[in-house]
Amino acid sequence: MPVRQLPETIVNRIAAGEVVERPASVVKELVENAIDAGASRIDIFSDGGGRRKIVIADDGSGMTAADLALAVDRHATSKLDDEDLLQIRTLGFRGEALPSIGAVARLSITTRHATEPHAWSLRVEGGDKTPIAPAALTQGTRVEVADLFFATPARLKFLKTDRTEAEAIREVVRRLAMARPDVAFTLAGEERAPVTWAAALPGAPGQLIRLGDILGADFRANAIEVRAEREGVIVEGFAAAPSLTKANALGQYLFVNGRPVRDKLILGAVRAAYSDYLPRDRHPVVALFVTLDAREVDANVHPAKTEVRFRNSGLVRALIVHALKEGLAREGRRTAANSASSVMSTFRPASMPPANWDWRSSPSYPVGGSAAPSFAERAQAAFDVGAPSADIRPAEVTPDLLDRPLGAARTQIHETYIVSQTRDGLIVIDQHAAHERIVYERLKASLEANGVQRQILLIPDIVEMDEATVERLVARAEELAKFGLVIESFGPGAVAVRETPSLLGKTDASGLLRDLAEHMAEWDEALPLERRLMHVAATMACHGSVRAGRVLKPEEMNALLREMEATPNSGQCNHGRPTYVELTLADIEKLFGRR
């Protein structure tokens with residue numbers, strides 16, 4: 001078959017295959033055009049998941065009649081002042097969106113520029129353009145897309161249900177609304193009540209208001225502001241406290257020069273920054289905005305412009321990790337789970353009896369109207385939890401301890417939890433989780449300073465394992481030695497432990513090695529050495545900390561509280577669990593109906 005030039009309509013439909021993947025792609029391109037036109041208000045309407053109709057209306061600058069006639073031609077754009085693709089300062093720049101949409105749908109554009117006496121309209125159906133005609137519109141531009149993919153019916157079978165496509169549209173609008181809090185957005189259609197995000201004030205407070213409106217009150221209540229700047233690169237935004245997590249990475253919103261992106265480099269940096277705080281199966285919730293010179297980032301690497309390439313990717317990654325770690329360290333004792341509201345919701349009963357409920361109609365009401373002897377006994381037996389494990393009388397507490405952030409220890413219950421009193425409430429501390437974080441931070445500090453101090457065992461501890469596990473441990477012997485754990489092979493199915501970290505004291509070498517071997521089996525060889533060392537430190541800290549079930553003396557409990565106050569990130573252990581929960585006096589009074 002000879003080489004031939006394809007017709008313009010076929011060329012546009014091929015281009016539409018890259019640009020117009022689904023209805024959400026149409027919404028993204030059109031809303032980006034509205035933002036580039038300087039709109040302060042954008043209304044989005046969709047019907048049938050965007051298949052039947054999409055309408056985007058804005059109050060932007062609009063287009064003149066000449067610009068409108070040219071706008072639906074391929075590679076016609078007003079967003080490139082010259083031919084330098086490294087100076088892209090707008091969301092769109094290729095000039096492919098409108099002709100691509102017009103090639104596969106019925107496209108109608110009505111627009112009015114401030115210099116024009118009236119509005120103008122234009123229609124494109126399956127690539128066929130009609131002449132422009134006068135129209136009625138007060139300001140801005142109104143774009144209507146109907147019967148998407150009518151010109152390429154085969155594409156319709158690849159779309160999902162209307163509900164799924166509508167949710168994809170909603171997600172696109174959410175991301176663009178987060179990127180531009182100064183623009184008001186309204187999303188309607190799909191038999192749902194319209195959602196409006198009002199324009200917010202400039203700066204971090206307005207940004208947090210918009211993020212809270214979109215991501216929910218939980219994010220707003222637990223958001224930590226982050227910011228870092230170096231060599232012209234600015235990283236700012238908000239990150240949720242470590243206990244507010246998701247099961248996937250869909251809660252991570254990333255923006256580069258105002259453009260929503262999904263970049264593996266940035267996602268990896270976020271994961272690295274939270275590695276000390278979260279378990280492996282949980283993901284943080286963040287909204288990060290990276291701002292840098294347009295020449296330092298290439299936005300022209302993906303047809304849908306959802307990926308970017310940085311000239312100095314190492315600097316961007318390091319700055320993101322630094323900004324997040326600095327913010328998390330600053331709010332080290334703050335977590336979503338130890339807040340009063342979270343604790344109160346746990347105490348609140350799931351259902352309350354109706355106001356006119358008569359206790360005499362209860363199935364437990366004794367026959368004959370008098371209490372059976374065993375009825376009251378069974379009810380009281382539920383409160384028999386035993387005496388406290390340890391107790392501190394009020395006279396033994398010095399007043400200044402009540403003013404400390406974690407207060408003065410009062411008692412230990414179930415040999416696991418310490419109850420302390422502050423001036424305006426009480427705190428319940430998980431002794432194992434708290435001490436685990438303390439030991440972990442000590443190991444890290446010791447490693448950075450002069451290496452972990454070791455203790456030589458008088459008699460080496462021999463731990464028997466299968467050969468594969470032994471090989472895995474011996475292969476990592478050098479990394480383990482950095483933390484003071486010196487091992488060597490002791491035959492085909494055993495390991496000899498000769499030295500252990502002094503910080504751990506007397507430890508169960510067998511349990512420690514087995515846990516380390518399990519974690520190593522999950523390691524990827526590409527995992528950086530630093531991350532692998534932190535995994536080792538976390539496992540050692542778990543084994544070297546105060547175990548649940550150990551009775552503590554009053555001075556030991558108070559010493560643990562003081563160490564927590566001096567330890568960074570003490571609000572959660574290195575597995576992401578909270579180390580304490582706090583109840584204010586006002587919250588306690590609410591529980592008992594005093595407020």
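Look up a bit, the structure's there.
Each value, and the rule that gives it
- Residues numbered from 1 in each chain as written.
- Predicted model: local features only at pLDDT ≥ 70, side-chain atom pairs only at ≥ 80, totals over all residues.
- Heavy atoms only, no water.
- Pairing = 2+ DSSP bridges.
- Helix = DSSP H or I, 4+ residues; strand = E, 2+ residues; numbered from the N terminus.
- Axes fitted to C-alpha atoms, helices over the stretch in contact; angles between N-to-C directions.
- Contact = heavy atoms within 4.5 Å.
- Buried < 20%, exposed > 50% of the residue type's maximum accessible area, 1.4 Å probe, protein only.
- Salt bridge = Lys/Arg side-chain N within 4 Å of Asp/Glu carboxyl O.
- Left-handed = near helix turned anticlockwise from the far one by under 90°.
- Nonpolar A, V, L, I, M, F, W, Y, C, P; charged D, E, K, R; others polar.
- Core = buried A, V, L, I, M, F, W, Y, C linked by side-chain atoms within 4.5 Å.
- Parallel < 35°, antiparallel > 145°, perpendicular 65-115°, else oblique.
- Polar contact = N/O pair within 3.5 Å; in protein donor to acceptor, adjacent residues only side chain to side chain.

1. Topic: the sheet that holds strand β13 (residues 252-256)
- The sheet built from five strands is open, its strands ordered β10-β11-β16-β13-β14 with mixed pairing. Both edges of this open sheet fall to β10 (223-230) and β14 (259-261), since each of them pairs with a single strand only. If you compare each strand with its neighbour and ignore which way they point, the axes differ by 20 degrees on average.
- Sitting on the sheet, helix α5 (residues 162-179) is in contact with β13, β14 and β16 (286-291), with an inclination near 55 degrees to β13.
- Its contacts with the sheet place helix α6 (residues 204-215) against β10, β11 (233-240), β13 and β16, and it is angled at close to 45 degrees to β11.

2. A look at the pairing of strand β8 (residues 184-189)
- By the criterion of burial, β8 is predominantly enclosed, with five of the six residues buried.
- Across six bridges, strand β1 (residues 41-47) lies against β8 in parallel orientation. Across the sheet, I42 pairs through a bridge with F185, a residue of β8.
- Where β8 lies against strand β9 (residues 192-197), four bridges are found, and the strand directions are antiparallel. Across the sheet, residue F185 finds its bridge partner in β9, namely W197.

3. Overview of the pattern of salt bridges
- Scanning all chains against the criterion turns up 25 salt bridges.
- Between K53 and E144 there is a salt bridge, with the nearest N and O atoms lying 3.8 Å from each other. You can see K53 sitting in strand β2 (residues 53-58) and its partner E144 sitting in strand β7 (residues 140-146), a full 91 residues away along the chain.
- Connected via shared salt-bridge partners are R106, R123, E125 and D147.

4. A short note on the sheet that holds strand β23 (residues 454-464)
- Within the open sheet, the three strands sit side by side as β23-β25-β24. Their pairing is antiparallel. Taken across any chain shown, the strands that pair with only one partner, and hence form the sheet edges, are β23 and β24 (486-489). Ignoring which end each strand starts from, the neighbouring axes of this sheet average 20 degrees apart.
- Judged from the four bridges that link them, β24 and strand β25 (residues 494-501) form a sheet pairing that is antiparallel. Within the sheet, the bridge partner assigned to S489 lies in β25 and is V495.
- Sheet strands in contact with helix α14 (residues 467-475) are β24 and β25, and its direction is about 135 degrees off that of β24.

5. Some words on the packing of helix α2 (residues 23-36) against helix α4 (residues 97-104)
- Their axes nearest at 10 Å, the elements α2 and α4 cross at an angle of 140 degrees. Once α2 is placed against α4, the crossing between them reads as left-handed. Along its contact with α2, which presents V26, E29, L30 and N33, the element α4 presents A97, L98 and I101.
- Looking at side-chain class alone, the contact of α2 with α4 contains five nonpolar, one polar and one charged residues.

6. Side note on the nonpolar core
- Residues V31, I42, I44, L107, V145 and F185 are the most contacted members of the largest nonpolar core, which totals 60 residues.
- A total of eight residues in this core trace back to one element, the largest contributor, which is α5.
- Contacts of L107, omitting those with residues within four sequence positions, involve V72, L98, I101, G102, L122, R123, V124, V143, E144 and V145.
- In this structure, A239, L278, L315 and L328 belong to the second largest nonpolar core, which totals 35 residues.

7. A closer look at the environment of R514
- Inspection of the secondary structure puts R514 in helix α16 (residues 509-522).
- Between the alpha carbons of R514 and M465 there is a distance of 8.2 Å; along the sequence they are 49 residues apart.
- Not counting residues up to four positions away in its chain, the partners in contact with R514 are V463, E464 and M465.

8. Structural notes on the packing of α2 against α5
- Running from amino to carboxyl end, α2 crosses α5 at an angle of 25 degrees, the nearest separation of the two axes being 8 Å. It follows that α2 is roughly parallel to α5 by the angle criterion. At the point where α2 passes α5, the crossing takes the right-handed sense. Contact residues: P23, A24, V27, K28, V31, E32 and I35 in α2; E165, A168, I169, V172, V173 and L176 in α5.
- Residues that form the contact of α2 with α5 fall into these classes: 10 nonpolar, no polar and three charged.

9. Notes on helix α8 (residues 264-273)
- Residues of α8 that are buried: I266, L267, A269, V270, A272 and A273.
- N-cap assignment for α8: the residue whose side-chain oxygen lies 2.9 Å from the backbone N of L265 is D263.

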